[in-house]
Amino acid sequence: MEKHFQDFLNAMDGVTYLVDGAGTILAVGQPQWRNFLQRTGFTFSRTEDVIGANIFELVTGEEVKESYRRMHRQVYEGHKPLISFQYRCDGPEVKRQMRLSLSWVPLGDGEGGVLYQSQILSEVERPPIGLLDPELILGPLAEERNYPIVTMCSYCQQVAWPIGETDNERREWLSPEDYYARGGHSDVRISHGICPGCVAHLEAA
């Protein structure tokens, strides 16, 4: 990646990725990436770990992957010059509101890419919510546990209720706090999906 692209990403606010049409991450804004890792405990420890990775493979949940692919295609193919929306990225002890923007950028020689920029809008500390522990997200560690699977919306972090119900006509989407108030517990594994409200919101973005 040319130095001026890296300098451009490093100077931007928030966590930034430059991604090609196929979804390959070409560059990452390094200072902000390292800062975000420290704040959230994200899986990758160095910026070099994500360069060359496919951004869609870093997303959990097939429905969520497809929503990212759709937005990426719309921007990359020029159907929409910009897609921007707010989402939640909470930690166990932090309520975090963020904004993600996708925009087309020229890379030279007629080629283009998609710039992903994720900015923290607000962070509020709160008592810990075990349901938001990253170790519960489906993966090698979570799969060792024979716990029921809970579906959580990847964008607003509402939880599908009751546990195990897959029909949207018969389930509610609750905040994590309301999930516990209904008798939910933390001995679960998390699978990411999209609630109907966020489906409608993203389709309109």
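Novice: Teacher, can you tell me more about the packing of aromatic side chains here?
Specialist: For any pair of aromatic rings, geometry is given as the distance between the ring centres together with the angle between the planes. Counted according to the given criterion, the structure contains 5 aromatic pairs. On the basis of an interplanar angle of 75 degrees and a centroid distance of 5.6 Å, the ring pair of Phe85 and Tyr155 is categorised as edge-to-face. You can see Phe85 sitting in strand 3 (residues 82–88) and its partner Tyr155 sitting in the loop between strand 6 (149–153) and strand 7 (159–161), a full 70 residues away along the chain. What makes Phe85 buried here is its relative accessible area of 2%.

Novice: Honestly, the nonpolar core in this entry has me stumped. Any pointers?
Specialist: A general trend in soluble globular proteins is that nonpolar side chains are found buried together. Ranked by internal contacts, the top residues of the largest apolar core, which has 33 residues, are Tyr17, Tyr68, Met71, Phe85, Tyr116, Cys153 and Tyr155. Of all the secondary-structure elements, those providing two or more residues to this core are strand 1 (15–19), strand 2 (25–28), helix 2 (30–40), helix 3 (62–76), strand 3, strand 4 (94–108), strand 5 (111–125) and helix 6 (196–204). Counting residues per element, this core draws most heavily on helix 3, which supplies 4 residues. Sequence-distant contacts of Tyr155, defined by excluding residues within four places in its chain, comprise Val64, Ser67, Tyr68, Met71, Phe85, Tyr87, Arg88, Ile194, Cys198 and Leu202. Residues Val150, Val159, Trp161 and Leu174 belong to the second largest nonpolar core, which totals 11 residues.

Novice: For this particular structure, what's the right way to read the pairing of strand 9 (residues 189–193)?
Specialist: Residues in a regular strand project their side chains so that they alternate between the two faces of the sheet. Counting buried positions over the 5 residues of strand 9 gives 4, a clear majority of the element. Bridge analysis of strand 6 against strand 9 gives 5 bridges, and the strand direction is parallel. Each residue of the ladder has a partner; that of Val150, found in strand 9, is Ile190.

Calculation criteria
Residues numbered from 1 in each chain as written. Predicted model: local features only at pLDDT ≥ 70, side-chain atom pairs only at ≥ 80, totals over all residues. Heavy atoms only, no water. Phe/Tyr/Trp six-rings, centres within 6.5 Å; stacked < 30°, edge-to-face > 60°. Helix = DSSP H or I, 4+ residues; strand = E, 2+ residues; numbered from the N terminus. Buried < 20%, exposed > 50% of the residue type's maximum accessible area, 1.4 Å probe, protein only. Core = buried A, V, L, I, M, F, W, Y, C linked by side-chain atoms within 4.5 Å. Contact = heavy atoms within 4.5 Å. Pairing = 2+ DSSP bridges.

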